[in-house]
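Notes for the structure review
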Amino acid sequence: MIEGIRIQNYRALKDIRLGRLWQEQDKEPLTPLTVVIGKNGAGKSSLFDAFGFLSDCVKHGVEEACDMNGRGGFERLCSKGCDGPLKFEIYYRQAQKERPITYELHIGLSKNGRPIVLYERLRQRRKGQTHGRPFSFLILNKGTGMAWSGEEHGKDIRDDGDLIDEKGLKDLFHEAQKESDSTEWVELEDSSRLGIATLGALRQHPRISRFRRFIENWYLSYFSPNAARSLPLAGPQRHLDKQGENLGNVVQYMQREHPDILQKALGEIADKIPGICNIDTEVTQDRRLLLRFHAEGFDTPFYAQQMSDGTLKIFTYLLLLASPSPSPFICIEEPENGLYPKLLQALANELRYYAAAKKNGSQVFVTTHQPFFVNSLLPEEVWVLEKQKDGFSTIRRASEDQLVVNLVEQELPLGNLWIADYLDE
């Protein structure tokens with residue numbers, strides 16, 4: 001669960017904060033379902049892509065991440081008029097009763113212009129500690145620094161919270177060695193790789209490893225109906241890809257491994273997609289996989305290539321939520337495209353129910369500009385992103401406006417209030 005995030009110098013997001021950070025404990029944490037609304041050009045796509053960028057940094061390194069998905073390199077990612085670095089801070093809790101962890105990441109350029117990790121740190125309060133600064137268990141400056149192995153040793157070194165240069169790191173290391181033999185001096189060979197990606201692959205760093213897996217398993221939906229209509233080679237696949245190109249493979253996997261879960265999911269999906277009574281797959285002679293939709297009143301099925309964009313989209317989202325091994329964090333950008341308004345409200349309710357589930361639930365993050373979707377939301381679930389005159393975005397929680405809260409309590413839909421400009425500054 002991400003309780004809060006801060007993003008600095010990333011495109012239009014010069015400095016925005018959502019939810020609770022370790023130095024802002026008076027703020028309410030992010031809800032299991034978090035929705036960002038705003039006008040066109042407000043920065044919703046930049047915010048959505050910031051999560052994708054972090055995930056790509058873990059999987060591929062910061063240099064490749066700067067160029068992936070049409071980002072255009074480090075210089076184009078920096079906020080206009082700023083040389084960087086790009087800064088991210090995540091306040092994260094592995095489970096409800098566990099102590100939160102703060103992750104800080106700074107990305108800049110080397111002397112020869114290559115994107116590198118300038119600074120990286122993981123911090124957590126000690127067991128039983130309820131206030132005060134957390135203790136660092138990973139500090140890296142340009143790939144060099146120290147890490148503490150194990151789950152809990154009580155010998156992490158408290159730092160002042162400011163950036164620490166190489167000399168300061170060495171001083172801390174010598175101090176830590178006197179306290180604990182679990183301190184390790186770290187020198188990464190490639191400064192464009194994240195420390196959590198490298199050290200998180202080692203069993204002796206379980207806290208780092210869990211956080212690495214958390215980010216690696218984020219799912220960002222760039223769903224394309226045309227991709228879902230493709231004919232992939234037959235073969236079961238556990239997880240849906242970002243564009244939905246392997247939709248049929250996921251259905252095939254669930255048919256084989258989790259038939260009961262699939263049939264239950266298909267029954268629920270059929271209730272929400274008018275006229276559809278069953279969905280299955282067919283393997284062609286050349287081992288291509290066809291996704292078939294059985295409609296009421298027809299003896300022969302319809303194939304994915306014949307279905308509307310909206311039907312494919314709602315089916316994909318609902319199948320994603322039915323996964324027996326869900327991603328811990330799901331991002332969906334503008335789910336409203338191609339969907340009937342009443343389906344949008346049903347989808348919003350499904351996402352909230354799913355995100356709040358104690359078993360197999362995931363935190364869900366959505367960007368939208370569709371009031372019908374927002375009508376099903378609560379003020380604390382909605383964040384309003386706005387572009388200011390200086391070209392940079394600001395963000396605030398809808399529940400910060402008491403008038404909006406009062407009107408929603410009087411059963412006025414939040415989306416309607418948005419249309420009526422009640423959510424504008």
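Above this text is the structure in question.
Description of the structure in this document. (Residues numbered from 1 in each chain as written. Predicted model: local features only at pLDDT ≥ 70, side-chain atom pairs only at ≥ 80, totals over all residues. Heavy atoms only, no water.)

1. A few points about the sheet that holds strand β16 (residues 382-387)
- Taken in spatial order, the six strands make up an open sheet running β10-β14-β15-β3-β16-β17, and their pairing is mixed. Pairing within the sheet leaves two strands with one partner each, and these edge strands are β10 (219-221) and β17 (393-397). Shown here is a sheet whose adjacent strand axes are inclined to one another by a mean of 15 degrees, direction ignored.
- Pairing of β10 with strand β14 (residues 329-333) involves three bridges; the strand directions are parallel. Within the sheet, the bridge partner assigned to L220 lies in β14 and is C331. (Pairing = 2+ DSSP bridges. Helix = DSSP H or I, 4+ residues; strand = E, 2+ residues; numbered from the N terminus. Axes fitted to C-alpha atoms, helices over the stretch in contact; angles between N-to-C directions.)

2. Overview of the sheet that holds strand β1 (residues 2-10)
- The strand order β2-β1-β4-β5-β6-β7-β8-β9 describes an open sheet built from eight strands, whose pairing is antiparallel. Two strands close off the open sheet at either side, each with one partner strand: β2 (13-19) and β9 (183-187). Between one strand and the next, the sheet's axes are offset by a mean angle of 15 degrees, whatever the strand orientation.
- Contacting β1, β2, β4 (86-92) and β5 (101-109), helix α1 (residues 44-60) runs over the sheet at an angle of about 95 degrees to β1.
- Against the sheet, helix α6 (residues 206-216) engages β1, β4, β5, β6 (115-124), β7 (135-141) and β8 (144-148), with an angle of about 110 degrees to β4. (Contact = heavy atoms within 4.5 Å.)

3. Describing helix α11 (residues 341-356)
- Its 16 residues place the ends of α11 23 Å apart at the C-alpha level, agreeing with the 22 Å of an ideal helix rising 1.5 Å per residue.
- What α11 keeps buried is the set L343, L344, L347, A348, L351, Y354 and A355. Across the axial projection of α11, the buried residues extend over an arc of 145 degrees, all falling on one side. Exposed and oriented more than 90 degrees from the buried face of α11 are K342, Y353 and A356.
- For α11, the elements touching its buried residues are β3 (33-37), α9 (259-272), α10 (309-321), β14, β15 (363-368) and α12 (371-374). (Expected span 1.5 Å × (residues − 1). Buried < 20%, exposed > 50% of the residue type's maximum accessible area, 1.4 Å probe, protein only. Arc of directions from axis to C-beta.)

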